[in-house]
Structure formats: C-alpha cells, structure tokens
Amino acid sequence: MDHYDLELSPPFEKVSVSVQHKNIKNVHLKVFRELKVVLSVPLQVTDEWVISLLLSKSSWIEKQLQKYKESSGYNSLTNVKSGSSTQLLGKDRRIIKKNSKKNYVVEEEKYIFVYADEEKNLHQYTLEKWWRETAYKVYTNEMEEIYSKVFKKYGIEKPTLYVRKMKTLWGSCTPSKNKITINQYLLKADLRCIQYVVLHELTHLIHPYHNADFYNFLTIQMPDWKERKKQLDLEVVQGL
C-alpha cells in the first residue's frame, strides 16, 4: 500500500495518506504544513492494520490539518488581509489591519497589528517595510555573532548582508563579492533554523562548493545542522 484515501469531515472531505513500510520498530504518523499526511510503519504491518489505525486517528488528523490550513493562509505576505495568519520566528501570528493616519506595526505575542491609512491602501507597504527591516536586524545579529565566533579568526572579511525576496532559496553566497543574501521570508523560521542558514552561507566563504570539506566544516561548527535543516524544510510555510 503506497497510499490510502482517508475520508474526513468538511472542509477536507478526503485526504491521501502516504503509507511507507520501513525497517523500523515504531509507527510514525505526521501531518505537515503543506497539508500532507505521512504514515511510516514497520515492514510486517498489514494493510488492514494500517486502515484501522488511520480510521482511529482521523479526528486527530483533521485537527492538525485545520491548524495548518488556518496558519498557512498568508504564505507570501503579498496580499494583506485582516485575520490572516503567518509565521514569525517559528510562531504563528494573526495579522490585524488597523486604520490609522500614521503607518507603523506593533508586534505582540500572538498578533501583528498593521496600522496604516486604509484610504491610501498602505497596509501592504507598511507590513512589507516592517518585515524586511525586522528580517535585516535579526539576520545581522546572527551573522555578527557567528562571524565573530567562527570566521573572524580565519582572516575573512565580514561579508555584506542583503535581504531579498527569493523564489527558490533560503540564502545564497557570492564569495567573489563577499556578499551574502538571505530570503526575507526566512524570518518565518525558528531562530535555530535562521542560524543554520546564516552559517551555511558563511561557510561558502571558506568552502565555495558543496563538497566533503564544506559539510565537514559545517558539522564541526554546528553538529545538529541536519536537524535544523529538517525542521526548516518541514515546519516553515515558505510562501515561495
């Protein structure tokens, strides 16, 4: 069985569960932010057992899908709607538009309040400006710390940091120009994931290519980088 179509309640109706038989001892059921459901089971598990388990877990699967559906409705930050959700440093935030003659943003534990002149349709501009400025501050702080601890002793000049909207990458490095570019949407990720991307790009200043030397250096400096990368790949709404 490669997949099983599980009947759910509205608005989902039906979800295709990817079923993977592996050489493992325990069962793992995961629901991802892209509304994908994956079930990993031991090799000897029968199809009947899989179906029974999925039926018993259908309510839990629905709750997880609903949670991610609500939090992923504002992926790219390109169309500000009051009540939409996004992620900020690994946590879900609700975006609330407020009418104001002054343009500014207030961040709270669960909300991002965007104050702007509604008649001039400035909420989009205000949020994007605040987001980019916040991303630059966070990335700069992390780059400063990692550069000082790891790269300064190699005699490498501190690179120039740029923040851009990027369609396919979280970051890039141009060693010839001593330049690092980080995707502004990476601000959605947990700080540990941001640190991984910054270290990854800085490492290219010493090892330009993704070869054994590159990954050995990365592992020495951040032994858990694979876990951080996995968290980034699986948990962050990329909006790319």
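J.: Outline the nonpolar core, supporting the account with residue identities and numerical values.
T.: The biggest cluster of nonpolar side chains holds 42 residues, and the ones touching the most others in it are Ile112, Tyr139, Phe151, Leu186 and Leu202. Elements that contribute at least two residues to this core include exactly strand S8 (111-116), helix H3 (123-151), strand S9 (160-164), strand S11 (179-183), helix H4 (191-203), helix H5 (212-221) and helix H6 (225-235). Considering every element that reaches this core, the biggest residue donor is H3, with eleven residues. Residue contacts for Leu186: discarding those within four places in its chain leaves Tyr139, Trp170, Ile194, Val197 and Leu232. Residues Leu6, Phe12, Val19 and Leu54 belong to the second largest nonpolar core, which totals 18 residues.

J.: Tell me about the packing of H4 against H5, and please be specific about residues and values.
T.: Across the interface, H4 lies against H5 with an axial gap of 10 Å and an inter-helix angle of 140°. Of the possible angle classes, the one that applies to H4 and H5 is oblique. For the pair H4 and H5, the sense of crossing is right-handed. Side by side, H4 and H5 meet where Tyr196, Leu199, His200 and Thr203 of the first sit next to Phe214, Phe217, Leu218 and Gln221 of the second.

J.: Describe in detail unusual backbone geometry, supporting the description with residues and values.
T.: One non-glycine residue with positive phi stands out, namely Asn121, at about 55°. Relative to the elements of secondary structure, Asn121 occurs in the loop between S8 and H3.

J.: Lay out the sheet that holds strand S10 (residues 171-174) with the relevant residues and their values.
T.: Ordered by their spatial adjacency, three strands build an open sheet running S9-S11-S10, and the pairing between neighbours is mixed. For this open sheet the edge positions go to S9 and S10, each flanked by a neighbour on one side alone. Within this sheet the neighbouring strands show an average axis-to-axis angle of 20°, counted without direction. The sheet contact formed by S10 and S11 spans four bridges and is antiparallel. In the strand pairing of S11, Ser172 is matched with Thr181. Contacting S9 and S11, H3 crosses the sheet at an angle of about 145° to S9.

Calculation notes
Residues numbered from 1 in each chain as written. Predicted model: local features only at pLDDT ≥ 70, side-chain atom pairs only at ≥ 80, totals over all residues. Heavy atoms only, no water. Core = buried A, V, L, I, M, F, W, Y, C linked by side-chain atoms within 4.5 Å. Buried < 20%, exposed > 50% of the residue type's maximum accessible area, 1.4 Å probe, protein only. Helix = DSSP H or I, 4+ residues; strand = E, 2+ residues; numbered from the N terminus. Contact = heavy atoms within 4.5 Å. Axes fitted to C-alpha atoms, helices over the stretch in contact; angles between N-to-C directions. Parallel < 35°, antiparallel > 145°, perpendicular 65-115°, else oblique. Left-handed = near helix turned anticlockwise from the far one by under 90°. Pairing = 2+ DSSP bridges.

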